[in-house]
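# Observations on the model geometry
Each chain, written out:
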Amino acid sequence: MKSYQKIFVLLLLFLLNAAYADVIQMNNGDIHLGRANVTNPESIEIETFGKKIYVQQKDIRSIEADITSVESTHVEVILPDDSILRGRIKNYDDEIGLFLKTSFGEITIPAAGVKQIYDTNQRTHYYGDMFMVSLTGGYYFPFSNLGSNFDADFLAGLTCETNLRVVRGLAVGVHGIFLPMDYTPSEHVTYRGYGMMGRISYRYGDLRFSSLMVINRIIPFAGIEAGGMYITVKDKRDTAPLDVRNELSAAGTVFIGADVIVWRGIALRLEGGMLSLYQSSLYPAFFYSGGINYVF
């Protein structure tokens, strides 16, 4: 057989194989190209690029019988060395490999060189954006030991977080907080608190897959914070031994809240919980706050 005939036969096999291939899209953004075989009511077997994998049916977003269903999808292809190629799927063959249309032209990735394929937009939808910055303001209400000397006052905070995609929904970050403190025994004594706390939270993202228009914009979360509060005290009384003194207290919060998405990358943040300062004993306060959360 002549060389051009071999090329023709390979292309024909390629097109026939692609025409009857299954495109399995997962909730987490993964895309599998191959043959989908039902093995039991809970899972399916996928024959893809010379290997077999098994996935849970509950995790499947869709199964299409045509490669054109993902031709316009922005994908990332993970190679064996964990490097990434970005582009759009043009076609594929189980033996030859993946045809990818990139910004620098069309390339063929050998079948053995495809470690993972995923839809970048769906992956973000499932795991959430990588970084979050929120600016909030609200009120706190001292009680118990703190309430005996301080009245309710406003607070302001700036939070920076990052999603840990190794565990869906888990985020870590830092929270800076400014806390004026209304000292009730004397109007001549002024307290100010400046806090910095590490933060860990869990974000529940499954509501994003709801068919209800309002519910699918809500991301509930809950978590804890721990760190320190630097408190400055200005005492203008004639009997004060010092005009200014400073002290450092341990601080922590337990909180719940929700981000309500209003536009791509912008959400309203509502949050509440209990803030505690610790010196010789615990000084607690309830708080609530609201503000803007920007994700990217």
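Of note, the phi angle at phenylalanine 49 is positive, near 50°, even though the residue is not glycine. Within the secondary structure layout, phenylalanine 49 lies in the loop between strand E3 (43–48) and strand E4 (51–56). For serine 144, which is not glycine, the phi torsion reads 55° and is therefore positive.

What follows covers the sheet that holds strand E2 (residues 31–38). Within the open sheet, the 5 strands sit side by side as E4-E3-E2-E1-E5. Their pairing is antiparallel. Where the open sheet ends on each side, the last strands, each with one partner, are E4 and strand E5 (60–64). Neighbour-to-neighbour, the strand axes of this sheet turn through a mean angle of 45°, independent of strand direction. The pairing of E3 with E4 spans 6 bridges and is antiparallel. Bridge pairing links serine 43 to glutamine 56 in E4.

With that out of the way, let us pick up the nonpolar core. Residues Tyr140, Leu179, Met181, Tyr191, Met229 and Ile231 are the most contacted members of the largest nonpolar core, which totals 21 residues. The residues touching tyrosine 140, leaving out its near neighbours within four places in the chain, are Asp151, Ala152, Asp153, Phe154, Leu155, Leu179, Pro180, Met181, Asp182, Ala285, Phe286 and Phe287. Core analysis: the next-biggest nonpolar cluster, separate from the first, contains 18 residues, Val70, Leu98, Ala111 and Ile117 among them.

Sheet topology places strand E12 (residues 150–151) next to strand E14 (residues 170–183); 2 bridges connect them, and they run antiparallel. Within E14, the residue paired with aspartate 151 across the bridge is aspartate 182. Where strand E13 (residues 153–163) and E14 come together, 8 bridges link them in antiparallel fashion. Across the sheet, the residue bridging to threonine 159 is histidine 175, located in E14. Between E13 and E14, which pair antiparallel one after the other, the connecting turn spans 6 residues, and glycine 169 there sits at a positive phi close to 95°. From the end of E14 to the start of strand E15 (residues 189–203), which pair antiparallel, there are 5 residues.

What follows is about empty space enclosed by the protein. Taken as a whole, this structure holds 1 cavity of 30 Å³ or more when the rule is applied. In this structure, the largest cavity encloses a volume near 110 Å³. Elements with a contribution of two residues or more to the lining of the largest cavity: E13, E14, E15, strand E18 (266–278) and strand E19 (282–295). Per-element tally for the lining of the largest cavity: the top contributor is E13, with 4 residues. For the lining of the largest cavity, the per-class residue count stands at 6 nonpolar, 6 polar and 3 charged.

Turning our attention to the pattern of salt bridges. Taken as a whole and judged by the stated rule, the model has 15 salt bridges. Across the salt bridge formed by arginine 86 and glutamate 76, the nearest N and O atoms sit 2.8 Å from each other. Here glutamate 76 lies in strand E6 (residues 74–78) and arginine 86 lies in strand E7 (residues 84–93), a separation of 10 residues in the sequence. For arginine 86, a relative accessible area of 52% translates into the label exposed. Owing to a relative accessible area of 11%, glutamate 76 belongs among the buried residues under this scheme. Taken together, the salt bridges that share partners define one network made up of Glu161, Arg199, Arg203, Glu225, Asp259, Arg269 and Glu271.

A few words on the pairing of E18. As judged from the 13 bridges shared by strand E17 (residues 244–263) and E18, these two strands associate in the antiparallel manner. Residue pairing for E18: phenylalanine 255 is matched across the bridge by glycine 273. The antiparallel pairing of E17 with E18 creates a hairpin that spans 2 residues between the two strands, and glycine 265 there sits at a positive phi of about 90°. Pairing of E18 with E19 involves 13 bridges; the strand directions are antiparallel. Residue pairing for E19: glutamate 271 is matched across the bridge by serine 289. Linking two consecutive strands that pair antiparallel, namely E18 and E19, is a turn of 3 residues.

Summed over all chains, the structure comprises 13 aromatic pairs. Centre to centre, the rings of phenylalanine 178 and tyrosine 194 are 5.4 Å apart; their planes meet at 35°, and the pair counts as tilted. One end of the pair, phenylalanine 178, is in strand E14; the other, tyrosine 194, is in strand E15, and 16 residues separate them in sequence. Their ring planes at 25° and their centres at 5.5 Å tell us that tyrosine 294 and phenylalanine 296 sit as a pair that is stacked. Taken together, the ring pairs connect Tyr126, Tyr127 and Phe209 into an aromatic cluster. Over the ring of tyrosine 118 we find arginine 123; its NZ or CZ atom is 4.1 Å from the centre of that ring. Between the NZ or CZ atom of arginine 168 and the centre of the ring of tyrosine 126, over which it lies, the distance is 3.8 Å.

Reading the values: rules and limits
Residues numbered from 1 in each chain as written. Predicted model: local features only at pLDDT ≥ 70, side-chain atom pairs only at ≥ 80, totals over all residues. Heavy atoms only, no water. Helix = DSSP H or I, 4+ residues; strand = E, 2+ residues; numbered from the N terminus. Pairing = 2+ DSSP bridges. Axes fitted to C-alpha atoms, helices over the stretch in contact; angles between N-to-C directions. Core = buried A, V, L, I, M, F, W, Y, C linked by side-chain atoms within 4.5 Å. Buried < 20%, exposed > 50% of the residue type's maximum accessible area, 1.4 Å probe, protein only. Contact = heavy atoms within 4.5 Å. 1 Å grid on protein atoms, 1.4 Å probe; cavity = no way out; pocket = protein on both sides within 12 Å on 5 of 7 lines; lining within 4 Å. Points joined across faces, edges and corners; volume = space filled by probe spheres on them. Nonpolar A, V, L, I, M, F, W, Y, C, P; charged D, E, K, R; others polar. Salt bridge = Lys/Arg side-chain N within 4 Å of Asp/Glu carboxyl O. Phe/Tyr/Trp six-rings, centres within 6.5 Å; stacked < 30°, edge-to-face > 60°. Lys NZ or Arg CZ within 6 Å of the ring centre and 35° of its normal.

Treat this as a map of the structure, not an account of what it does.
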